Amino acid sequence: MKIAHLKAKILDLAVRGKLTEQRPEEGSAEELLERIREEKQRLIAEGKLKKEKPLPEITEDEIPFDIPAGWKWVRLGEICEVIMGQSPDGSSITTSSDGIEFHQGKICFTNKFLTQSSIKTFEATRIAVSGSVLLCVRAPVGVVNITLRDICIGRGLCSIYPHYTIESEFWFYWLKSQKEYFEMKATGTTFKAITINVVRQHCIPLPPLAEQKRIAEKIEQIFKQADIIEENRLALKTAVRHTKSRVLDLAVRGKLTEQRPEEGSAEELLERIREEKQRLIAGGKIKKEKSLPEITEEEIPFDIPAGWKWCRLGEICDINPKNNIEKNIDVSFVPMACINPGFSKDFTYEIRQWDSVKSGFTVFADNDVGIAKITPCFENRKSVLFKNLVNGFGAGTTELHILRPAHNILLDTFLFWFVKTERFIKNGIACFSGAVGQQRIGKDYVANTLFPIPPLAEQKRIVEKIEQIFGTLDIIEKAVEG
């Protein structure tokens, strides 16, 4: 279960009286309600509180669930003073040290207690006193916080002050559990909002005061434990990602598997790739590209095993190739949103007719590797190995570079894991070009990237090892997700 879902379940149990034991010696909600009514009458007589019109009786149809015997269903306006915010004149707003703190909306809301606002006003209109629960009544509706000091509230906020020895934190958690209810009651076209009547007439379960305190304490206790679990979960997820990155780094350095001289050398493999490329160029199936620069000693980032060989990706892959197929055939269409980030191989697709997508999109085929070239998709590892495309072909987002490895000479899966490595990502970021927010890696970066190529049999063993380790790590990650 996600931590947010767990907290929602805890709140639901709490307000139903299922989180703490009931203690008859603590009195009843009926007795508490009588004291509240007496206190309200005293404040009205002293002119400290305005007399409001009576709220309607609660009907059976309004009661959403059963509550313990010592509790009572009441309307919020019976036990709390509800004040809707009203913004002061704009000329009274200041950022000086004078005046009273002013809030409008949830900008300073935190998990529980309101943080300081630098905005003040000289002409306070509506005051939320210390201990009030603040409720957002528009854009967004239903978010709550507690203020521990007197503040001025503007439109968008409502102050709910639990007068008469009511426990503020219990009502904070109760209101927090009611977000969906308030969203359902919101009306409006430009933005959704709730009225003071919606707030005042809302039915709430009133426990005895001592139990309110115990419920709030129990919620706090469980939430703290849930937060610790969440922190550990996030830490473990981060550790899994770092481990996967480290596994790939070891893999492309030849440190994940043993080397076997009898499997041949990468030099022999490279020669076969060159011959294959020449054959495809001669057959007009791929275009001849300009020669890539020789690799210098200064460029080589790390040592590789004796049977391996450094080359450039442009030497061993056809970059951004074309597909020549029948125009009426169905193919897979893959927008960027259908490509999973991180260390995932997964992608989804729509089905389109080739004639409708062959122009204006990036094209690819089964066993091609796609690399997102735009920020932040590139940094987020939105790279993909295309497999099981409809009729073996596809098209999609223009923000992909496509690598087509030499078939049966360079293993597509080994190439796929290479472009997920931290080094490939970091070097790409250093080569970004374009305006901020629209930066990309170019084709030249991909073509000139140094690639450590092992013999084909070792590529297969490396991929098997990577996927074996990743399978275990995925099980751990899923277990953490619950």
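The structure we're discussing is the one just above.
Our subject in this report is the structure included herewith.

Another aspect to go through is the overall build of the protein chain. Along the backbone of the protein chain there are 14 helices and 21 strands. Taking 2.2 N^0.38 as the reference for a compact globule, 482 residues should give roughly 23 Å; the C-alpha atoms of the protein chain span a radius of gyration of 33 Å, well beyond that estimate. Expressed as lengths along the three principal axes of its C-alpha atoms, the size of the protein chain is roughly 100 × 50 × 50 Å. Within the protein chain, the proportion of its 482 residues that are buried is 46%. Across the protein chain, the fraction of contacts at a sequence separation of at least 24, relative to all contacts at a separation of at least 6, is 78%. Just so you have it, the protein chain exposes about 24,800 Å², and 51% of that area is on carbon and sulfur atoms. Across the protein chain, the mean location of the 69 positive side-chain charges is 3 Å away from that of the 68 negative side-chain charges.

Take the sheet that holds strand 17 (residues 369-372) next. What the four strands build is an open sheet, ordered 13-20-17-18; its pairing is antiparallel. At either end of the open sheet lies a strand with only one pairing partner, and these are strand 13 (317-319) and strand 18 (383-385). Direction aside, the axes of adjacent strands within the sheet are offset by 20° on average. Bridging between strand 17 and strand 18 involves three bridges; their strand directions are antiparallel. Bridge pairing in strand 18 links Ile371 to Ser383.

With that out of the way, let us pick up the nonpolar core. With 50 residues, the main nonpolar core has Leu313, Ile316, Leu403, Phe424, Phe451, Ile453 and Ile466 as its most contacted residues. Sort the elements by how many residues they give to this core and helix 14 (residues 456-481) lands first, with six residues. In contact with Ile466, not counting residues within four places along its chain, are Val247, Leu248, Ala251, Leu256 and Trp417. Membership of the second largest hydrophobic core comes to 45 residues, among which are Val15, Val141, Ala186 and Val199.

Pairs can form between side chains of opposite charge whenever their charged atoms are close. For the coordinates displayed, the defined rule picks out 38 salt bridges. Arg23 is the partner of Glu26 in a salt bridge, and the nearest nitrogen-oxygen pair spans 3.7 Å.

Before going further, it helps to spend a moment on the layout of surface pockets. In this structure, the largest pocket encloses a volume near 900 Å³. Forming the walls of the largest pocket are 36 residues, and the residues nearest its centre are Leu280, Ile286, Asp318, Arg404 and Pro405. Counting only elements with at least two residues in the lining of the largest pocket, the list comes to helix 8 (266-282), strand 13, strand 20 (400-405) and helix 14. Looking at which element gives the most residues to the lining of the largest pocket, the answer is helix 8, with four residues. In this structure, the second largest pocket encloses a volume near 710 Å³. Looking at the second largest pocket, it is lined by 27 residues, and the ones nearest its centre are Lys290, Ser291, Leu292, Gly314 and Glu315. Among the elements of the structure, helix 8, strand 12 (309-312), helix 9 (313-316), strand 13 and helix 13 (443-448) are those that each provide at least two residues to the lining of the second largest pocket. The element contributing the most residues to the lining of the second largest pocket is helix 8, with six residues. Here the lining of the second largest pocket is built from residues that sort into twelve nonpolar, four polar and eleven charged.

Moving on: the sheet that holds strand 15 (residues 350-353). The strand order across the open sheet built from four strands is 15-14-19-16, with neighbouring strands paired in mixed fashion. At either end of the open sheet lies a strand with only one pairing partner, and these are strand 15 and strand 16 (362-365). Strand-to-strand twist of the sheet, defined as the mean angle between neighbouring strand axes without regard to direction, takes the value 40°.

Quick look at the packing of helix 1 (residues 3-15) against helix 7 (residues 209-252) now. Running from N to C, helix 1 and helix 7 point in directions that differ by 170°, and their axes come no closer than 10 Å. Taken together, the axes of helix 1 and helix 7 lie roughly antiparallel to each other. Contacts from Ile3, Leu6, Lys7, Ile10, Leu11 and Ala14 of helix 1 reach helix 7 at Ile215, Ile219, Ile222, Phe223, Ala226, Asp227, Ile229 and Glu230. A per-class count over the contact of helix 1 with helix 7 returns eleven nonpolar, no polar and three charged.

What follows concerns the packing of aromatic side chains. For any pair of aromatic rings, geometry is given as the distance between the ring centres together with the angle between the planes. Inspection of every chain in the model, using the stated rule, returns 19 aromatic pairs. When the ring of Phe172 is compared with that of Tyr173, the centres are 4.9 Å apart and the planes differ by 65°; the resulting orientation is edge-to-face. Here Phe172 and Tyr173 have matching classes, each one buried. Ring centres of Phe378 and Phe424 lie 6.0 Å apart, and the angle between their planes is 55°; on these two criteria the pair is classed as tilted. Residue Phe378 is located in the loop between strand 17 and strand 18, and its partner Phe424 is located in helix 12 (residues 422-430); the two are separated by 46 residues in the primary sequence.

A few words now on the packing of helix 4 (residues 168-176) against helix 7. The contact between helix 4 and helix 7 brings their axes to 8 Å, and the two run at 60°. Classified by the interaxial angle, the pair formed by helix 4 and helix 7 is oblique. The way helix 4 lies across helix 7 gives a crossing that is left-handed. Within the contact between the two elements, helix 4 uses Glu169, Phe170, Trp171 and Tyr173 and helix 7 uses Gln212, Ile215, Ala216, Ile219, Glu220 and Phe223. Residues of the contact of helix 4 with helix 7, tallied by class, amount to seven nonpolar, one polar and two charged.

Conventions we followed
- Residues numbered from 1 in each chain as written.
- Predicted model: local features only at pLDDT ≥ 70, side-chain atom pairs only at ≥ 80, totals over all residues.
- Heavy atoms only, no water.
- Helix = DSSP H or I, 4+ residues; strand = E, 2+ residues; numbered from the N terminus.
- Rg over C-alpha atoms; globule rule 2.2 N^0.38 Å.
- Buried < 20%, exposed > 50% of the residue type's maximum accessible area, 1.4 Å probe, protein only.
- Contact = heavy atoms within 4.5 Å.
- Areas by Shrake-Rupley, 256 points an atom, 1.4 Å probe, with all protein chains shown as cover.
- Lys, Arg positive; Asp, Glu negative; His and termini not counted.
- Charge placed at Lys NZ, Arg CZ, Asp CG, Glu CD.
- Pairing = 2+ DSSP bridges.
- Axes fitted to C-alpha atoms, helices over the stretch in contact; angles between N-to-C directions.
- Core = buried A, V, L, I, M, F, W, Y, C linked by side-chain atoms within 4.5 Å.
- Salt bridge = Lys/Arg side-chain N within 4 Å of Asp/Glu carboxyl O.
- 1 Å grid on protein atoms, 1.4 Å probe; cavity = no way out; pocket = protein on both sides within 12 Å on 5 of 7 lines; lining within 4 Å.
- Points joined across faces, edges and corners; volume = space filled by probe spheres on them.
- Nonpolar A, V, L, I, M, F, W, Y, C, P; charged D, E, K, R; others polar.
- Parallel < 35°, antiparallel > 145°, perpendicular 65-115°, else oblique.
- Phe/Tyr/Trp six-rings, centres within 6.5 Å; stacked < 30°, edge-to-face > 60°.
- Left-handed = near helix turned anticlockwise from the far one by under 90°.

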